[in-house]
Amino acid sequence: MNRQRAAWLFLAPALLVLGVFFILPVIAALGLSLTDYDLYALADIHNLRFVGLHNYWALLHRPLFWSALGNTFYFVAVGVPLSIAASLVAALLLNSPLARIRPFFRTVLFAPVVTTVVAVAVIWRYLFNTRYGLVNYGLAEIGIHPIDWLGDPHWAMPTIIAFAVWKNFGYNMIIIMAGLQAIPPDLYEAARIDGASAPRQFWHITLPLLRPTMMLVVILTVAGYFQLFAEPYVMTEGGPLQSTVSVLYLMYQDGFKWWNLGTASAVAFMLFLIIFAVTTLLLRLARRGEHPAGKRT
Amino acid sequence: MNRRRSPADRPSRLRRWWLVLLLAGTCGGLSACSHPTPDRHTLTFWAMGNEGEAVAQLIPGFEHAHPDIHVTLQQLPWKEAHQKLLTAYAGDTTPDIAQLGNTWIAELAALHALRPLQPYVAHSRVVQPDDYFTGIWATNRIDGILYGIPWYVDTRLLFYRKDLLKAAGFDVPPRSWAEWSRQMAALKARDTPGHFPILLPTNEFEQLLSLALQQDAPLLRDGGRYGNFESPGFKRALAFYVGIFRQREAPLLSNTEVANPWLEVGRGVYAFYLSGPWNIGEFRRRLPAAQQGDWSTAPLPGPDGPGAGIASGSSLVIFRRSRHQAQAWQLIEYLSLPAVQRKFYELVGDMPPRRSSWQGGTLRSDPDVQAFREQLERVRPTPAVPEWERIVTGMQLVAARAAHGELTVDQAAAEIDRRADAILAKRRWMLDHHRGPQP
Amino acid sequence: MNPRLAKVLINGSLSALAAAALLPLLWMLSVSFMAPGEASALPPPLLPAHATLHNYRELFAHAGMGRYLLNSLLISSAITALALASNLMAGYAFAKLRFAGRERLFQALIGALVIPAQVAMLPLFLLLKTIGLVNSYAGVIVPGMATIFGIYLVRQYARGVPDELLEAARIDGASELRIFGQIVLPLLKPIMVTLAIFTFLAAWNDFMWPLIVLTGQEHYTLPLALASLARDHVQDSELMMAGSVVTVLPVLLLFLALQRYYLQGLLLGSVKG
């Protein structure tokens, strides 16, 4: 049938691109992760050995993998709640009928989202400079000793988290605002007539009705934050003491700095499995708590 | 309803649409458009950091002498250079000619990426092997084959503030580790908060490596099959290095956070700075005239008297994939002329590798250079295994943890060995199966 | 609570948040006009003593910023045009054309969204090496020529196109291509604009893949050039800030001009269908 053929014709360019430049490489990555493909093999393919699951096994015994995993989980576990809390607060404030010049505030709060990570990470590097940074200068004014933000292994990750919150909270803010606006106003009206205070209204109306939106926002943010890379690349180069080496940074280093493509592919697959497991778990949790009538994906 | 358009404007709309499709279909050919078809003689030349900026001023002279050759210069940051070179090799996009840190030659030679240069040297009237410092020339020969022509030599030593040292009661810079420790302790004692006797960025391996090369024990053993970092010699160097941090004589800072080391030395934040010759130029350029008399250079102190240092520096190499190898060689010859090398020294402060280049100009008379010249007599090469860059990077990561107090010296040495042995696993397999690192 | 107090509180908090969001960007702008070395002083200056364009001149005259700006423009525009074409066609096909296996294929694509793009990068590099695209504009452009997210976005929007319109055209004997070009595309204009900004911004800000595939600086995009500058020119904070301004300003302006479409797309893309 002509229409059937037309459909495939329309799909062809996109499917070709996705197939050749995404799906095929993903499958190849799985194969690559079972070999010891490295510079020697790149020079001469006879130096390539099939090693089975050795790369995965070796990863599990590599302290740097575990610390990269730890750093990434730290970033996700602290960064996601903080980001979403910031988004929620901003959305609630913006959504308040008392807020003035809303379009202006919305634009300004969203602006960091569209900026280039590399460029703004460079700014933060200077703002948080131990000696000349504005942040430490401001803290000194209120009597706090200078903190070596990006040089102290205990502070580097928190600084990167603060950066990520600043950079990203606007995105979820917009989604949450849309969720807030979808809540029927008469619910609040009825609550007010019943004499419910503002915090009670928030707790009993806003939060439950916002739940699907929040779950969506959480899952999207978690999946995104697991892919931490450019921030440590620009701000700390993985240091100090590798305290900001993320799983993806490790993959980049193994793969494109030292050209151990086999190991790096194994790292990439581990990351994929972890993201998959965590988001699936979150989805499960979300569904279990949902009302029976709740919308399913 | 726009479904009933006049037939006349259909074709034009459709044509426009087909154009988009066509574009999507042919974009594979885009690479052809983005690679300008190589001119008869366009040379791509990769140079790093300060050298890249300085050599840009030498190239017009070359192009003037060779009107048929055009040089496209690319400047790589030092921190990215090693990775960029490997990536270029992996992606078949190596340049014609490049500046190569001489510790990387073994690696690229093992990958079969470099053109052996002996045939050119044999017929050259400019490049005379006998004129080069022997130790430096040797770092360019891997298994008897010459892959690079030394461009400049470099070793790490001490920059120091004469006035601060004098105020602490010392008229001359340290010659041995013991003297050095005494001076740093004295400087520390009269310190203002936030000031330190010495700056040793924790993410640079050259400082610890310099100290380690002053020891007798080799850094790798069994023909480069295993690490030898648990030797008493290396542990002594590591303990000295770590001790400086433990006594808070150096800040635990990486060079990403030291915004401007020259100004900081000028302000007295640091009295010593362990670094390389290009800083002579930086200090002269960045410090005000009034302060120029306050700083100087001194050979690196050794465990018991003046010590050795790393034989580093850069060589010029030609890549095997280059289609302009003869022209690339002409550029190498031009940059090897003693007069050009002296000019290069004046531009950037990098020291020439051949004796005849030293016989003239400011090189003979400059007092700040003499410390380097003295130390160049005592430089030692690093192990010539392809994995060296990775091993030494790992060494510094572990050493930094020890400096932060997370590991003891013994633990750190064992950890460095463990990492080195893991990195060398493939090399051992290749050697055992007689594949050799030469494919 | 006193409504006036509440109003002050709410607008005060909003202003504080807005200040936090904007200050780093304003500081960047200010420092970019300072003389070299001026920002590294105590107390850190907020405004340049004598505003100068020195850093910008330096960037464009010596650091090749003009070239990088053009590269960024070229790569981002090409990706936008090509991805727009393929995503529009595919999204429309998924929404409106009936063919065997449509739902299953679409579900499979959505399922593939969970695979992080980075998994594909290592073999992709080897693939592009064999076809000779490493270190070329095409190497960056080609993998971005279609996106699952874009297809999804278009499909969501195109489902609103009334079927009767298409059926009527078919009865008139119009070919599928003509229906798409003359009836559907005009209706998809809003989503085209949205998708175009999304794609352009993402391509402009993209870092990891260009970093991998562009080995020579003649092809560098602005973020790459900036990251590279940041490694060798840490000390020149004023210069770095000027570089950041050049990198960030185009996308900020684009966003300001078309923000309605951008925010619309953001909502359409995140509300699950």
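Residues numbered from 1 in each chain as written. Chains lettered and ligands numbered in written order. Predicted model: local features only at pLDDT ≥ 70, side-chain atom pairs only at ≥ 80, totals over all residues.

When you go through chain A residue by residue, the secondary structure sums to 13 helices and 0 strands. N-terminal to C-terminal, the α/β element order of chain A is α-α-α-α-α-α-α-α-α-α-α-α-α. C-alpha atoms of chain A, sized along the principal axes, occupy 80 × 75 × 35 Å. Within chain A, the fraction of its 297 residues that count as buried is 46%. Sequence-distant contacts, at least 24 apart, represent 67% of the contacts inside chain A between residues at least 6 apart. (Helix = DSSP H or I, 4+ residues; strand = E, 2+ residues; numbered from the N terminus. Buried ≥ 20, exposed ≤ 12 C-beta atoms within 10 Å, placed from the backbone. Contact = placed C-beta atoms within 7 Å.)

Quick look at the domain arrangement of chain B now. All names here are of chain B. When cut into domains, chain B gives domain 1 (7-155 + 311-365) and domain 2 (157-309 + 385-430). Summarising the inter-unit geometry, the C-alpha centres of domain 1 and domain 2 are found 31 Å apart. With 13 residues of domain 1 at the interface, the matching set in domain 2 holds 11 residues. Top contributing element to the side of domain 1 that touches domain 2 by residue count: helix α6 (residues 105-110), with 3 residues. For the side of domain 1 that touches domain 2, the per-class residue count stands at 5 nonpolar, 5 polar and 3 charged. (Domains from an automatic or database assignment. Nonpolar A, V, L, I, M, F, W, Y, C, P; charged D, E, K, R; others polar.)

A separate point is the sheet that holds strand β8 (residues 196-199) of chain B. Residue and element names in this part refer to chain B. The strand order across the open sheet built from 4 strands is β8-β11-β7-β12, with neighbouring strands paired in mixed fashion. A strand with exactly one partner marks an edge of an open sheet, and here the two such strands are β8 and β12 (295-298). Strand-to-strand, the axes of this sheet are offset by a mean angle of 20 degrees, without reference to chain direction. The pairing of strand β7 (residues 157-161) with β12 spans 4 bridges and is antiparallel. Looking at β12, one finds that F159 is bridged to T297. Sheet strands in contact with helix α19 (residues 367-376) are β7 and β12, and its direction is about 10 degrees off that of β12. (Pairing = 2+ DSSP bridges. Axes fitted to C-alpha atoms, helices over the stretch in contact; angles between N-to-C directions.)

What follows is about the interface of chain C and chain A. Taken together, the contacts link 72 residues of chain C with 71 residues of chain A. Elements supplying a minimum of two residues to the side of chain C that touches chain A: α1 (3-32), α3 (65-96), α5 (118-130), α7 (148-158), α10 (189-205), α11 (208-213), α12 (222-232) and α13 (237-270) of chain C. Each residue belonging to the side of chain C that touches chain A can be placed in one class, and the counts come to 56 nonpolar, 12 polar and 4 charged.

Once that is clear, we can look at α12(C). Within α12(C), 10 of the 11 residues are buried, which leaves the element mostly enclosed by the surrounding structure. Every buried residue belonging to α12(C) is among C:L222, C:P223, C:L224, C:A225, C:L226, C:A227, C:S228, C:L229, C:A230 and C:D232, and all of these are buried.

Residue and element names in this part refer to chain B. The element strand β16 (residues 312-318) is largely enclosed, with a buried count of 7 among its 7 residues. Of the two faces of β16, the one lined by S312, S314, L316 and I318 and the one lined by G313, S315 and V317 are each fully buried. As judged from the 5 bridges shared by strand β3 (residues 97-101) and β16, these two strands associate in the antiparallel manner. Its bridge partner lying in β16, L100 is registered against S315.

Even without being a glycine, A:L241 presents a positive backbone phi close to 55 degrees. With respect to the helices and strands, the residue A:L241 is situated in the loop between α11 (230-235) and α12 (247-257). A positive phi angle, close to 60 degrees, is found at C:N135, a residue other than glycine. Mapped onto the elements, C:N135 comes out in the loop between α5 and α6 (137-141).

Before going further, it helps to examine the sheet that holds strand β6 (residues 149-154) of chain B. All names here are of chain B. As summarised here, the arrangement of the 5 strands in space is β2-β1-β3-β16-β6, forming an open sheet in which the pairing is mixed. Strands with a single pairing partner mark the edges of an open sheet, and in this sheet they are β2 (70-76) and β6. When strand polarity is set aside, the average angle formed by the axes of neighbouring strands in this sheet is 20 degrees. In this fold helix α15 (residues 325-336) packs onto β1 (42-48), β2, β3, β6 and β16, with an angle of close to 150 degrees to the strand it touches most, β16.

What follows concerns the environment of B:P367. All names here are of chain B. Here P367 shows up in helix α19. By the C-beta count within 10 Å, which is 8 here, P367 ends up exposed. Measuring from C-alpha to C-alpha, the distance between P367 and L407 comes to 41 Å, with 40 residues separating the pair along the chain.

Residues and elements named next belong to chain B. Extensive coverage of strand β11 (residues 270-275) is indicated by the burial of 6 of its 6 residues. Pairing of β7 with β11 involves 4 bridges; the strand directions are antiparallel. Considered in β11, the bridge of F159 is made with Y273. When β8 meets β11, the two strands line up parallel, connected through 3 bridges. By the bridge assignment for β11, F196 is matched with Y270.

We now examine the packing of α7(C) against α10(C). Helix packing for two helices is described by the angle between their axes and how far apart those axes are. Residue and element names in this part refer to chain C. Running from N to C, α7 and α10 point in directions that differ by 165 degrees, and their axes come no closer than 10 Å. One finds that α7 runs roughly antiparallel with respect to α10. Both α7 and α10 take part in a crossing whose hand is right-handed. Where α7 abuts α10, its residues G150, L153, V154 and Y157 lie against I191, L195 and T199. Of the residues that constitute the contact of α7 with α10, the class distribution is 5 nonpolar, 2 polar and no charged. (Parallel < 35°, antiparallel > 145°, perpendicular 65-115°, else oblique. Left-handed = near helix turned anticlockwise from the far one by under 90°.)

With that settled, consider the interface of chain B and chain A. Reports of interface size often rely on the accessible area that becomes lost once the parts have come together. Taken together, the contact between chain B and chain A spans 23 residues of the former and 25 residues of the latter. If you list the elements that add at least two residues to the side of chain B that touches chain A, you get α5 (78-90), α20 (388-403) and α22 (425-432) of chain B. Looking at side-chain class alone, the side of chain B that touches chain A contains 11 nonpolar, 7 polar and 5 charged residues.

The next subject is the confidence of the model for chain A. Residues and elements named next belong to chain A. The pLDDT averaged across chain A works out to 91; a share of 97% of its residues lies at or above 70. Per-residue pLDDT, averaged within each element of chain A, yields its smallest value for helix α2 (residues 39-43) (86) and its largest for helix α4 (residues 63-95) (96). Across residues 292-297, where pLDDT falls below 50, the model places 3 contacts with residues more than four positions away in sequence or in other chains. (pLDDT = per-residue confidence, 0-100.)

Once that is clear, we can look at the packing of helix α5 (residues 102-114) of chain A against α1(C). It is the contact of α5(A) with α1(C), at a shortest axis distance of 9 Å, that shows an interaxial angle of 40 degrees. As judged from the angle between their axes, α5(A) and α1(C) are oblique. The crossing of α5(A) and α1(C) is left-handed. Facing A:F105, A:V108, A:L109, A:A111 and A:P112 of α5(A), the residues of α1(C) in contact are C:L14, C:L17, C:A18, C:A21, C:L22 and C:L25. A class-by-class count of the residues in the contact of α5(A) with α1(C) yields 11 nonpolar, no polar and no charged.

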